[in-house]
Amino acid sequence: MTATRVLVLNSGSSSVKYQLLDMRDSGRLAMGLVERIGEGTSRLKHTALTTGETRETIGPIADHAAALKAVAEELTKDGLGLDSPELAAIGHRVVHGGQQFTAPTVIDETVLAEIERLIPVAPLHNPANLIGIRTAQALRPDLPQVAVFDTAFHTTMPESAARYAIDVKTADEYRIRRYGFHGTSHAYVSRATAELLGRAPEDVNVIVLHLGNGASASAVRGGRCVDTSMGLTPLEGLVMGTRSGDVDPAVIFHLMRVGGMSTDEIDTLLNKKSGLIGLCGDNDMREIRRRVDEGDEQARLAFDIYIHRLKKYIGAYYAVLGRVDAIAFTAGVGENAAPVREAAVAGLEELGLAVDADLNAARGDGPRLVSPEGARVAVAVVPTDEELEIATQTYALVGASHDLI
């Protein structure tokens, strides 16, 4: 008998998201979230999908070690404990893998050292990812642990897309290049879009628009990323919930010289006080659209700026690909905000892009087309599933060799 379960862990600075999947049918057995780790009001919400039961506890959880032990206890209550011989591996989301990690990787001390070396280019994410890995290793030292990197899908970008036009020696010394993020989502959605079209991924060119509080676009040619909007960090590219996206670098010098702002203050400004929240005070697209419908001009301007940037990237990636078979909207905004999808392709009819008003307005859970029948370019809504992608990549790497006696 073969061990077929994979536990997926996504460790943040004060949270742990998790899902347990059975890779025989990619079915979810349990899922949950631990948040506010280190506080007196820590919260663990656990759902056993085998029974539909949801349990929630609130109380102090001191650190990630305590959080994962609490998760293990919840899984054990459902007969799904971490000591189960049916558990094949633990898959970890790791945000930054640099140039070295181009595929899912079994974690050893060398891998851990490289993830740690990349902390300067991912200071908010890689430290938390490391804590989650080391804690999981302590709980199950005998079990394969696999890192699945957000950046890996984008390592196929050509140098012409990945390099910034700065001094090569300086760029190489400080590892300054465009890495891209949300890679597991872009990989999953581009492949699912090809499936929706009834075609093989290697035959399809897709522009993927991952639009959540963080947002990124990618140009995918034949299943391989050739360009993406995020760069050295997740700050570059589209207008996001709290991030500025593209901005003239001289803005930073101006704020330092004229505004007297420190680098930390500017970092906070561009990452946490810009984007939609900086433009109109809200970063929830539902609230922004409500305000737009009520005639709020500030919200209207924020929405227009968001769409303008999005449309620019669609046009740019259309030019990069040369031929586009589909545009896929995904993540919270992409999947649920029909006005965003409609506005993003409005005026691009000469490029073969349009949405059908009724199809676009209709709600749905699975992948679906919202373009008119016979459209030259398909416009799709494809719910992302990063946890399934991590589990799939993890199991493909180690599952077949992890047999039960």
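Residues numbered from 1 in each chain as written. Predicted model: local features only at pLDDT ≥ 70, side-chain atom pairs only at ≥ 80, totals over all residues. Heavy atoms only, no water.

Peer 1: So what's going on with the overall build of the protein? Residues and values would help.
Peer 2: In terms of helices and strands, the protein carries 15 helices and 14 strands. Rg of the C-alpha trace for the protein: 22 Å, near the compact-globule value of 22 Å for 405 residues, within the 12% margin. A principal-axis box enclosing the C-alpha atoms of the protein has dimensions of 60 × 55 × 45 Å. Expressed as a percentage of the 405 residues in the protein, the buried residues total 52%. Of the contacts formed within the protein by residues at least 6 apart in sequence, a portion of 63% connects residues at least 24 apart. Of the accessible surface of the protein, which amounts to about 18200 Å², a share of 53% is contributed by carbon and sulfur atoms. Mean positive and mean negative side-chain charge positions of the protein (40 and 54 charges, respectively) differ by 2 Å. (Helix = DSSP H or I, 4+ residues; strand = E, 2+ residues; numbered from the N terminus. Rg over C-alpha atoms; globule rule 2.2 N^0.38 Å. Buried < 20%, exposed > 50% of the residue type's maximum accessible area, 1.4 Å probe, protein only. Contact = heavy atoms within 4.5 Å. Areas by Shrake-Rupley, 256 points an atom, 1.4 Å probe, with all protein chains shown as cover. Lys, Arg positive; Asp, Glu negative; His and termini not counted. Charge placed at Lys NZ, Arg CZ, Asp CG, Glu CD.)

Peer 1: Describe the sheet that holds strand β7 (residues 105-106), with residues and values.
Peer 2: As summarised here, the arrangement of the 8 strands in space is β5-β4-β3-β2-β1-β6-β8-β7, forming an open sheet in which the pairing is mixed. The sheet terminates laterally at β5 (53-58) and β7, the two strands that pair on one side only. Examined bridge by bridge, strand β2 (residues 16-22) and strand β3 (residues 27-35) share 7 bridges and lie antiparallel to one another. Within β3, the residue paired with Gln19 across the bridge is Met31. (Pairing = 2+ DSSP bridges.)

Peer 1: Which residues make up the UniProt feature "binding site: substrate" (unreviewed entry) in the protein, and what are the values?
Peer 2: UniProt marks Arg93 with the feature "binding site: substrate" (unreviewed entry), using the numbering shown here. For Arg93, the location among the structural elements is in strand β6 (residues 87-94). Leave out the neighbours within four places in its chain, and Arg93 touches Leu9, Asn10, Asn129, Val148, Asp150 and Ile390. (UniProt positions renumbered as here; feature names shortened; annotations may be inferred.)

Peer 1: A description of the nonpolar core should follow, citing residues and the corresponding values.
Peer 2: Counting residues in each nonpolar core, the largest one holds 45 residues, and the members touching the most others are Leu209, Leu211, Met285, Tyr306, Leu310, Val340 and Leu353. The set of elements that each furnish at least two residues to this core consists of β9 (205-211), β10 (215-221), α9 (275-280), α10 (285-293), α11 (297-321), β12 (326-330), α13 (338-345) and β14 (378-381). Of the residues forming this core, the biggest block, 11 residues, is contributed by α11. Look past the residues within four positions of Tyr306 in its chain and what remains in contact with it is Leu211, Val239, Leu276, Met285, Val333 and Val340. Membership of the second largest hydrophobic core comes to 31 residues, among which are Tyr188, Val220, Val382 and Val398. (Core = buried A, V, L, I, M, F, W, Y, C linked by side-chain atoms within 4.5 Å.)

Peer 1: I'd like to hear about the environment of Pro367, residue by residue, with values.
Peer 2: Turning to its location among the elements, Pro367 is positioned in the loop between α14 (357-361) and β13 (368-369). It is 24 Å that separates the C-alpha atoms of Pro367 and Phe149, two residues lying 218 residues apart in sequence.

Peer 1: Give a description of the sheet that holds β12 that names residues and reports values.
Peer 2: One open sheet holds the 6 strands; their spatial order is β11-β10-β9-β12-β14-β13, and the pairing between them is mixed. In the strand order of this sheet, the two ends are held by β11 (224-228) and β13, each with one partner. As paired strands, β13 and β14 are joined by 2 bridges and run antiparallel to one another. Its bridge partner lying in β14, Leu369 is registered against Ala380.

Peer 1: Go over the pairing of β9 with me, naming the residues and quoting the values.
Peer 2: When you tally the buried positions in β9, you get 7 out of 7 residues, the bulk of the element. Here β9 shows two buried faces, one formed by Asn205, Ile207, Leu209 and Leu211 and the other by Val206, Val208 and His210. The antiparallel hairpin formed by β9 and β10 contains 3 residues in its connecting segment. As judged from the 5 bridges shared by β9 and β12, these two strands associate in the parallel manner. Within β12, the residue paired with His210 across the bridge is Thr330.

Peer 1: For the pattern of salt bridges, give the residues involved together with the corresponding values.
Peer 2: Tallied over the full model, the rule gives 28 salt bridges. Here Arg55 and Glu53 are joined by a salt bridge, their closest N and O atoms 3.3 Å apart. Ionic contacts of the salt-bridge type, sharing partners, join the residues Glu53, Arg55, Glu74, Lys77 and Asp78 into one network. (Salt bridge = Lys/Arg side-chain N within 4 Å of Asp/Glu carboxyl O.)

Peer 1: So what's going on with the packing of aromatic side chains? Which residues, and what values?
Peer 2: Applying the stated criterion across every chain, the model contains 2 aromatic pairs. Their ring planes at 80° and their centres at 5.6 Å tell us that Tyr313 and Tyr317 sit as a pair that is edge-to-face. With Tyr313 and Tyr317 both in helix α11 and 4 residues apart, the pair spans about one turn of that helix. Here Tyr313 matches Tyr317 in class, with each residue buried. Over the aromatic face of Phe303 sits the side chain of Arg289, whose NZ or CZ is 4.6 Å from the ring centroid. (Phe/Tyr/Trp six-rings, centres within 6.5 Å; stacked < 30°, edge-to-face > 60°. Lys NZ or Arg CZ within 6 Å of the ring centre and 35° of its normal.)

Peer 1: Could you give me a rundown of the environment of Leu29, with the residues and numbers involved?
Peer 2: Here Leu29 is to be found in strand β3. Residue Leu29 is classed as buried on the basis of its relative accessible area of 13%. Here the alpha-carbon distance between Leu29 and Leu7, two residues 22 residues apart in the chain, equals 9.8 Å. The contacts of Leu29, once residues within four sequence positions are left out, are Arg5, Leu20, Leu21, Asp22, Thr47, Ala48, Leu49, Thr50 and Leu80.

Peer 1: Hey, could you go over the UniProt feature "active site" (unreviewed entry) in the protein for me, with residue numbers and the actual values?
Peer 2: With numbering matched to this structure, UniProt assigns "active site" (unreviewed entry) to Asp150. Secondary-structure assignment places Asp150 in the loop between β8 (145-149) and α4 (159-162). Judged by relative accessible area, which is 1%, Asp150 ranks as buried. Polar contacts involving the side chain of Asp150 include one to the side chain of Arg93, which spans 2.7 Å. (Polar contact = N/O pair within 3.5 Å; in protein donor to acceptor, adjacent residues only side chain to side chain.)

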